[in-house]
Amino acid sequence: MGLRIPRNRKAIKHSLIKEFYHQPGNIPGTLIIDENAEYPEIVLIDYNSQAYIRKKIETPELCVPYLDTTSVTWVDVQGLGNQDILQRVGKIFELHPLVLEDIVNVPERPKTEDYDDQLLIIARMVVPKENAFGFHSEQVSLILGKNYLLTVQEEPEHDCFEPVRSRLEKAKGIIRKSGADYLAYALLDAIIDGFFPVLERYGEEIEELEEEVIIKPTPKTLQKIYKIRRELLQLRRAIWPQRDVMSALMRDSDDLIGEEVRIYLRDCYDHAVQVIDMVETYRELTSGLMDVYLSAVSNKMNEIMKLLTVVSSIFIPLTFVAGIYGMNFNTEISPYNMPELNWKWGYLLCWGVMLGIAGGLLYFFWRRGWLERSVPIKED
Amino acid sequence: MGLRIPRNRKAIKHSLIKEFYHQPGNIPGTLIIDENAEYPEIVLIDYNSQAYIRKKIETPELCVPYLDTTSVTWVDVQGLGNQDILQRVGKIFELHPLVLEDIVNVPERPKTEDYDDQLLIIARMVVPKENAFGFHSEQVSLILGKNYLLTVQEEPEHDCFEPVRSRLEKAKGIIRKSGADYLAYALLDAIIDGFFPVLERYGEEIEELEEEVIIKPTPKTLQKIYKIRRELLQLRRAIWPQRDVMSALMRDSDDLIGEEVRIYLRDCYDHAVQVIDMVETYRELTSGLMDVYLSAVSNKMNEIMKLLTVVSSIFIPLTFVAGIYGMNFNTEISPYNMPELNWKWGYLLCWGVMLGIAGGLLYFFWRRGWLERSVPIKED
Amino acid sequence: MGLRIPRNRKAIKHSLIKEFYHQPGNIPGTLIIDENAEYPEIVLIDYNSQAYIRKKIETPELCVPYLDTTSVTWVDVQGLGNQDILQRVGKIFELHPLVLEDIVNVPERPKTEDYDDQLLIIARMVVPKENAFGFHSEQVSLILGKNYLLTVQEEPEHDCFEPVRSRLEKAKGIIRKSGADYLAYALLDAIIDGFFPVLERYGEEIEELEEEVIIKPTPKTLQKIYKIRRELLQLRRAIWPQRDVMSALMRDSDDLIGEEVRIYLRDCYDHAVQVIDMVETYRELTSGLMDVYLSAVSNKMNEIMKLLTVVSSIFIPLTFVAGIYGMNFNTEISPYNMPELNWKWGYLLCWGVMLGIAGGLLYFFWRRGWLERSVPIKED
Amino acid sequence: MGLRIPRNRKAIKHSLIKEFYHQPGNIPGTLIIDENAEYPEIVLIDYNSQAYIRKKIETPELCVPYLDTTSVTWVDVQGLGNQDILQRVGKIFELHPLVLEDIVNVPERPKTEDYDDQLLIIARMVVPKENAFGFHSEQVSLILGKNYLLTVQEEPEHDCFEPVRSRLEKAKGIIRKSGADYLAYALLDAIIDGFFPVLERYGEEIEELEEEVIIKPTPKTLQKIYKIRRELLQLRRAIWPQRDVMSALMRDSDDLIGEEVRIYLRDCYDHAVQVIDMVETYRELTSGLMDVYLSAVSNKMNEIMKLLTVVSSIFIPLTFVAGIYGMNFNTEISPYNMPELNWKWGYLLCWGVMLGIAGGLLYFFWRRGWLERSVPIKED
Amino acid sequence: MGLRIPRNRKAIKHSLIKEFYHQPGNIPGTLIIDENAEYPEIVLIDYNSQAYIRKKIETPELCVPYLDTTSVTWVDVQGLGNQDILQRVGKIFELHPLVLEDIVNVPERPKTEDYDDQLLIIARMVVPKENAFGFHSEQVSLILGKNYLLTVQEEPEHDCFEPVRSRLEKAKGIIRKSGADYLAYALLDAIIDGFFPVLERYGEEIEELEEEVIIKPTPKTLQKIYKIRRELLQLRRAIWPQRDVMSALMRDSDDLIGEEVRIYLRDCYDHAVQVIDMVETYRELTSGLMDVYLSAVSNKMNEIMKLLTVVSSIFIPLTFVAGIYGMNFNTEISPYNMPELNWKWGYLLCWGVMLGIAGGLLYFFWRRGWLERSVPIKED
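Since we're looking at a predicted model, the values are computed, not measured.

*Asks:* A description of the overall build of chain A should follow, citing residues and the corresponding values.
*Replies:* Assigned secondary structure in chain A consists of eleven helices and seven strands. Computed over its C-alpha atoms, the radius of gyration of chain A comes to 35 Å, more than 25% above the 21 Å expected for a compact globule of 380 residues. Here the C-alpha coordinates of chain A stretch approximately 125 × 45 × 35 Å along the principal axes. Here chain A, with 380 residues, has 48% of them falling under the buried criterion.

Set out below in structure tokens:
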């Protein structure tokens, strides 16, 4: 099984494609190592209700002794950048070649599959970006065995498992008294709960846009709305299959997951449904915002056109009047040729006519309500 | 189980997020006490067909004696602001830690869950705001036991249970002769029925907007439409799962709910479906209103442009004519240089030409129907 | 069970709300009498293959003797304006309190419910308005018993059962030889068939709008389209649950409906599906019309703008030329100062230039096709 | 069973309604004869593997002798214009009154119904119009019996069964060796296949519109798009239930259709699904075209506005400059009053200023790209 | 079974129709040979774990000896241009006439059908175009037998099976040790994987359009968006039924596909679902892009209108002022006739007034923010 570098690195850098890219035409079970992937770090945690060990190990083989004990062993591989290590991990845990492929050749769609004495769960973890808008998205694969749990993450950073590790260390709750299945549940719960802070940001952003789109719509607003829609699409694609995973885990009769843990999974399923609710609601809101934006732009155009029309309609007739009296008909030849020019009050009369026209038009526009500036005032 | 303050109070104040916010990464069963939540008041009602007691109790333990009798006991906890009291309530009613979490860590999605000799029902209650537009939304959790009902509300105000309490007190209908299951039904029925007055307001508002959007569309109109759409989304998210709850309660074979009460639940289910019908119809209407708004804005623009075009098209040619005779070609040098200026009837002829042009254009516009003001008149 | 007047009569007059309004928080089984409802008239029809009696009766008790015979008895209560009479009807037919509530507290969603030896069917009847556009909508409740049928209508007018009564009287078809179940079918069939003339009117209206929207779109057109959409929504809400009712009646194993009548119900179900087809098709057409309207308004704007642009683009440069030769540079001081003014052919040359510009621009606009009036011609 | 003339012939002429019109309030089983319907022609085809007879018969009774033989008899009634003949046909084939009603009171929704020893199949046949755009749509009813097939068409023309008749005559394929069920399949297959040429035309039209909508969008284009959408809706309504018919025929355990014919029906079902695919794809394309049209109209408006803006922005300032020097301030009174008029190079300087302004503005517009004509060029 | 040339070659050249075209009214089992189709090439591959033969054969009969051995035989027919050869292939593999029709009369919808000891799988293969945008789409039919696989492609070029052939030749993976079912899986997997590079291109294109649509929207942009939407519709129509095929192959209890191969098919199914995810996401994105385009065009119009309004509103009043002092009222006759013309500072005052007006308007526009050029800046 050879190491292959993706044909076209340039393309892969695009975020849209990266999330989907799948190397075509390989032998099933081939591992594709992305040359930019990080070197795997392996963290071993072994615990039972009395003891707790956490250490970083250099070679995967070092975890074998722990696997043979009755304590729960959690082997957490962080990074997909070395084919040799990943295959040795596969050998130690006796993974089916397709399982190893699913773990390494990311991205894979969230799913769960049952392999005799192992349960494969593919999940997708999202972590909000530190300072910027948006989120990191990363695949986490869980392989649950009798008394061990193997997890494989794409990179060492951006991990939402810290609270679980801390509960393990401080023996909070029932986690140290429970088996590997409870640990798997705790991690899945952390993954689902990780969607909430991400969505919270979109909620805030949408609320800001709701004002901006009416008060001061700019092309930037449009871009923001589109961006949110696009990222909500990503979240949606991540969470829907995850809900199905939860549902399958709750339902399937599998020895690896105990009855009491299933009750907890029901809770986790509820949260997944809540995330879906949020994503769908936000999607509908952004789609409504798009409509509002379009209307607001049209409204703004109306404002502009009104101003142009008011100015033009008032001054064009006046300019015409002025033009009349700028004509050079010879007043000396005939008394019918612009006698106004020689009237004593001619000029003032002319101004009178012009002011009359202007006043009449202003009254007309005022009656139509065109002179009020229709700036929307935010309703509470 | 520690008390934790939400990381970011500022964010939580937003209504969009508040409704969804879920504290990530906690130990299952942790109670999260919102520091702004109100201190719980506990109201105890105990009744059978003969007797009826209603009192406010200070400590939850005071209800224990009532629970042991055969009369129906309704313990109503109003407010989530004290962890200690809530945990003591949990202990008295022997609630599963996840049940207690579902009750306290609001918001939870409406659902029903069966725990041996208890039935958990999470519902969402809406109460119209007193003077303003909009509604309060609050989670109500019901725990139905053999001969007791525990309800937990988010706050003491805004409660739609008063009619039920009054029926209990005045022994109206069969409520005093029935068990705790009938009481649970009566409360659920009150919750579902509480959606109708809220929706009634939206109905009225939509009818007003239907006129406004044609007669006098302003950006304010747009905002109102968007606001209604958004709040209908909220109602929709609240009522859909509630229908599923009703459906599950009707179907499930559970000893806690008697056969005759199931017939009443069928009625309640019908009402939930009716609420959904209304919400969906109103949603379609507002979406149609948005289209109408956009068209009305375009129409208004047409009106503006027509006016501008009529004014410009009439006066620009006239101004040109006036401009012609304002030219200073030397009439003395050549008879071809603007001889009109020296004609006897030159000026009047010029006016004739201009009036002719203006008349012709007015006729042209009148034929095209541009001179009629196309103000929509409301059709009955 | 007290009589209650709706809290807010003003609101109820709105058509949107009236159709949905549901009194919240009542004791189940309470009858809500609308004070504007009409006093119930009771029409009794009793028949078998030999005999036929039809009479209006004053008190409901007068129908009791007929119920005891083997002939089929159809008691038709028209109007919901008196609580006492309705409760006496309920007593005579031994109706469950919830059934009586469903019948009286209109509107209820169309549904069917099985109560031991009675079958409740709630249907919605539409009758086109006499002279105006639109339709009356009214709830009809059918209670089918062994050899009787009780129907309750909201008001005495607007009834589509006349053809059935006439068939009964003239003994047309097999209706007089069949039981109460066939009568119920015949009424349901009349109700469903009553949708066709209503929809026919919308079909005609849509066809007229299809022309109007292209030839002469006005804000009135928009209003009509919106109105049709809204009323189609109402029809849709009425017919969808009715289809489910038909489907349930066909399927359910119930002694009250005989095998041969089920075959007829299949026909009735087909018609309901056809009505749904029509409603959905009309909805799609009106939604398409809305798009066409928007485009037509934009097109009209283009026409307006084209005219403005043609007029402005031609006359503004000409006016500029005229303005040039209206300048007062002193031609006597220098030969470079507007020598054209003193040329012999200066004025004619100036006209030549202006006509040249105008001609060039006209040619330019003609090439672009802006001078053709793009009035749509109806395609056959 | 009386003959009734539709109440409102004017309405029926409309195509939208005609397709749906259903006479309300009749006795089940009443035949409604459309007075414009054509007089029925009856064509009898009788065949087995050796013999083949085809003749037009005057009275339906003439086919009785053929029905009694073991050969397959196909009686094809073309036209619904005579009640007597249709009822005699009903008597000969012992049709249930509802079957006869379904056949005669067109239009009926495509469906299949099982009546003991007969199978009723209602289908809808479409035939492209000869020279014009669009299609004829006609109901075909098939009644399949043991060794006979009765088909009833609305009119004698526009029939897509000719290839089947020709195969029967020339004994091509296995049709002469098979029973009436294979004949029914062959006709259904011809009906489904008849949708393809109709759709082919829409495909061509859509491809033409795809160019037209970008290159030269006119209101006519809009009308064409709407027309296609509307006709695709008709096709959709015709084909969806037909697929269900195929599916029901394949699945149902019915003696009248043999096992080997069911395999052929699977093929026919596939074609129906393919037609649905096409219709839905075309619908999505036309809906996309509508969007493109709207955008193209907006683009055209932009073009118009750009031209107006360019012309106005250049000439309005120039006209202002010319206006300045057309003022009549008395230069003799003060050296500050328009001394430019008396400069030697005044006029030329003035031209210089004006050319400078014009050049600057042209450069500005050229930089913004407004001077390029943005005519779309078709991409291959 | 005669050879028929499609009635209307002109129409068939259109890509929309070609993909759907189905010859109506033929005898089931008739082969329709497209006269432009390429002459079939036949490639035979025969292998077991030890041996591997690959050769091009001239006549189909040459493959018969290989079929009788226990080694796996893959006969790959490339091209549909000769009826005789195709019928001989049909005879050798004992294909049902309908199977042969499905294979030859392309296009057929992807599906799978079980014929006793053969399994027919119709799939659709897409291959990206070499240099241009877009893809080739081709039907591939697989007939899986006991130890052979017959595949039929539309043309010899554009084939995504090369990696599979190479794995066969180099004995990579388990393919040489497995049966014909694994080979069928490998080909199906290659077909599904072939969608990814095609979609990758659309992903890149969409990302480019996301910038273009905001920065510089032109009618060309619109065309590109429409084109992508249309091609995604094609891909969607190809992949959805393929997913159903995978699902059916996984589920159905068929001896021809072994248990271990079913596990691999599960993987293949996952990839199909991933392709669907991508297609649907891209469709939503392009539909969002269309909205953004429309808004961007409106924004651009606003920009244009703003410029026009600013220029007109400033210069029209100024021109009016200049027009005033171009009037020829006789200043000698009366002191009220334009005395300004004879003031010493008249001209300068006039300029002062004009600059004041211009300045005031500029300030007004600056306050409204109309003077900033609102060019969108790409957000990262």
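Following the structure, the description resumes.
*Asks:* Lay out the relation of the copies chain A and chain E with the relevant residues and their values.
*Replies:* Least-squares fitting of chain A to chain E yields an RMSD of 0.1 Å, with the transformation described by 0.0 Å of translation along the axis and a rotation of 72°. The relationship between the two copies is best expressed as a five-fold rotation axis. Relative to the rotation axis, the C-alpha of G326(A) is the closest in chain A, positioned 4.5 Å from it. Mapped onto chain E, only 20% of the interface residues of chain A again fall at the interface, so the copies present different surfaces.

*Asks:* I'd like to hear about the interface of chain A and chain E, residue by residue, with values.
*Replies:* Contact with chain A, which involves 55 residues of that partner, is made by 64 residues of chain E. When contributions to the side of chain A that touches chain E are tallied by element, the ones reaching two or more residues are helix 2 (15-18), helix 9 (219-251), helix 10 (259-324) and helix 11 (346-367) of chain A. Ranked by residue count, the leading element in the side of chain A that touches chain E is helix 10 of chain A, at 19 residues. In terms of residue class, the side of chain A that touches chain E is made up of 33 nonpolar, 14 polar and eight charged.

*Asks:* Please provide a residue-by-residue account of helix 10 of chain A, values included.
*Replies:* Over its 66 residues, helix 10 of chain A extends 97 Å from the first C-alpha to the last, a length consistent with the 98 Å expected when each residue adds 1.5 Å. Of all 66 residues in helix 10 of chain A, 51 are buried; the element is thus mostly enclosed.

*Asks:* Please set out the packing of helix 7 (residues 180-193) of chain A against helix 10 of chain A residue by residue, giving values where relevant.
*Replies:* Residue and element names in this part refer to chain A. Relative orientation of the contacting elements helix 7 and helix 10 amounts to 10°, with a least axis distance of 10 Å. The angle between helix 7 and helix 10 places the two elements in the roughly parallel class. In the packing of helix 7 onto helix 10, the handedness of the crossing is left-handed. Between helix 7 and helix 10, the contacting residues are D181, Y182, Y185, L188, D189, I192 and D193 on the first element and V261, Y264, L265, C268, H271, A272 and V275 on the second. Looking at side-chain class alone, the contact of helix 7 with helix 10 contains ten nonpolar, one polar and three charged residues.

*Asks:* Go over the UniProt feature "transmembrane region" (unreviewed entry) in chain A, please, and point to the residues and values.
*Replies:* Residue and element names in this part refer to chain A. As recorded in UniProt, the sites labelled "transmembrane region" (unreviewed entry) are residues 307-325 and 345-366. Along residues 307-325, the helical share is 95% and the strand share 0%, with 28 Å between the first and last C-alpha atoms. Taken end to end, residues 345-366 comprises 95% helix and 0% strand; its first and last C-alpha atoms sit 31 Å apart.

*Asks:* Any details on the sheet that holds strand 1 (residues 41-47) of chain E? Residues and values, ideally.
*Replies:* Residues and elements named next belong to chain E. Taken together, the seven strands give an open sheet; going across it, the order is 2-1-3-7-6-5-4, and neighbouring strands pair in mixed fashion. At either margin of the open sheet sits one strand with a lone partner, and together these are strand 2 (52-57) and strand 4 (111-115). Strand-to-strand twist in this sheet, taken as the mean axis angle between neighbours without regard to direction, amounts to 20°. Note that strand 6 (residues 135-144) and strand 7 (residues 148-153) share five bridges and pair antiparallel.

*Asks:* Which residues make up the pairing of strand 7 of chain E, and what are the values?
*Replies:* Residue and element names in this part refer to chain E. Among the six residues that make up strand 7, six are buried, leaving the element largely enclosed by the rest of the structure. Of the two faces of strand 7, the one holding Y148, L150 and V152 and the one holding L149, T151 and Q153 are both buried throughout. The pairing of strand 3 (residues 72-78) with strand 7 spans six bridges and is parallel. By the bridge assignment for strand 7, Q78 is matched with Q153. Counting the residues in the hairpin turn of strand 6 and strand 7 gives three residues.

*Asks:* Account for the packing of helix 10 of chain A against helix 11 of chain A, naming residues and giving values.
*Replies:* All names here are of chain A. Two elements in contact, helix 10 and helix 11, have axes whose closest approach is 10 Å; the angle formed by their N-to-C orientations is 160°. Classified by the angle between their axes, helix 10 and helix 11 sit roughly antiparallel to one another. Crossing handedness for the pair helix 10 and helix 11: right-handed. Only C350, V353, M354, I357, A358, L361 and F365 of helix 11 make contact with helix 10, whose side of the interface consists of V310, S313, I314, P317, L318 and V321. Classifying every residue of the contact of helix 10 with helix 11 by side-chain character gives twelve nonpolar, one polar and no charged.

*Asks:* Could you give an account of the pairing of strand 3 (residues 72-78) of chain C, with specific residues and numbers?
*Replies:* Residues and elements named next belong to chain C. Extensive coverage of strand 3 is indicated by the burial of seven of its seven residues. Residues V72, W74, D76 and Q78 line one face of strand 3 and the alternating positions T73, V75 and V77 line the opposite face, and both faces are buried. The sheet contact formed by strand 1 (residues 41-47) and strand 3 spans seven bridges and is antiparallel. Residue pairing for strand 3: E41 is matched across the bridge by Q78.

*Asks:* Could you give an account of the sheet that holds strand 6 (residues 135-144) of chain D, with specific residues and numbers?
*Replies:* All names here are of chain D. Spatially, seven strands are ordered 2-1-3-7-6-5-4 in an open sheet, and the strand pairing comes out mixed. Each edge of the open sheet is held by one strand with a lone partner, namely strand 2 (52-57) and strand 4 (111-115). Adjacent strand axes in the sheet meet at a mean angle of 20°, parallel and antiparallel pairs treated alike. Pairing analysis gives ten bridges linking strand 5 (residues 118-128) to strand 6, with the strands arranged antiparallel. Residue pairing for strand 6: A123 is matched across the bridge by V140. Here helix 9 (residues 219-251) sits on the sheet in contact with strand 4, strand 5 and strand 6, set at roughly 145° to strand 5.

*Asks:* Can you tell me about unusual backbone geometry, naming the residues and giving the values?
*Replies:* Most peptide bonds are trans, and most residues other than glycine sit at a negative phi. Cis geometry is adopted by the peptide bond preceding P107(A), which originates at V106(A) and carries an omega value of -5°. With respect to the element layout, P107(A) can be found in the loop between helix 5 (97-104) and strand 4 (111-115). For M338(E), which is not a glycine, the phi torsion comes out positive at approximately 45°. Relative to the elements of secondary structure, M338(E) occurs in the loop between helix 10 (259-324) and helix 11 (346-367). On the basis of neighbour count, M338(E) is assigned to the buried category, with 27 C-beta atoms found within 10 Å.

*Asks:* Outline the environment of W370(E), listing residues and values.
*Replies:* All names here are of chain E. Along the polypeptide, W370 turns up in the segment after helix 11. Classification of W370 as buried rests on a count of 20 C-beta atoms within 10 Å. Here the alpha-carbon distance between W370 and T309, two residues 61 residues apart in the chain, equals 9.7 Å. Residues contacting W370, with those up to four places away along its chain left out, are K306, V310 and F365.

*Asks:* Can you tell me about the environment of N36(A), naming the residues and giving the values?
*Replies:* Among the secondary structure elements, N36(A) is positioned in the loop between helix 2 and strand 1 (41-47). Assessed through the 11 C-beta atoms surrounding it within 10 Å, N36(A) is described here as exposed.

*Asks:* Can you explain the environment of A272(D)? Please cite residues and give values.
*Replies:* All names here are of chain D. For A272, the position within the fold is in helix 10 (residues 259-324). The spacing of A272 and I239 is 33 residues in sequence and 7.0 Å in space, taken between C-alpha atoms. Every residue in contact with A272, bar those within four places of it in the chain, is listed here: I192, I239, Q242, R243 and M246.

*Asks:* Give me the lowdown on the confidence of the model for chain A, citing residues and values where you can.
*Replies:* All names here are of chain A. Residue-level pLDDT values for chain A average 85, and 91% of them are 70 or greater. When pLDDT is averaged over each element of chain A, strand 7 (residues 148-153) comes out on top at 95 and helix 1 (residues 9-12) at the bottom at 38. Overall, residues 1-14 carries pLDDT values under 50, and its contacts beyond four positions in sequence, including any with other chains, amount to 19 contacts. With pLDDT under 50 throughout, residues 376-380 is counted as low confidence; its partners more than four residues away or in other chains account for eight contacts. This complex was scored by the predictor with a pTM of 0.83 and an ipTM of 0.78.

What counts, and at which threshold
- Residues numbered from 1 in each chain as written.
- Chains lettered and ligands numbered in written order.
- Predicted model: local features only at pLDDT ≥ 70, side-chain atom pairs only at ≥ 80, totals over all residues.
- Helix = DSSP H or I, 4+ residues; strand = E, 2+ residues; numbered from the N terminus.
- Rg over C-alpha atoms; globule rule 2.2 N^0.38 Å.
- Buried ≥ 20, exposed ≤ 12 C-beta atoms within 10 Å, placed from the backbone.
- Least-squares fit on C-alpha atoms with pLDDT ≥ 70 in both.
- Contact = placed C-beta atoms within 7 Å.
- Nonpolar A, V, L, I, M, F, W, Y, C, P; charged D, E, K, R; others polar.
- Expected span 1.5 Å × (residues − 1).
- Axes fitted to C-alpha atoms, helices over the stretch in contact; angles between N-to-C directions.
- Parallel < 35°, antiparallel > 145°, perpendicular 65-115°, else oblique.
- Left-handed = near helix turned anticlockwise from the far one by under 90°.
- UniProt positions renumbered as here; feature names shortened; annotations may be inferred.
- Pairing = 2+ DSSP bridges.
- pLDDT = per-residue confidence, 0-100.

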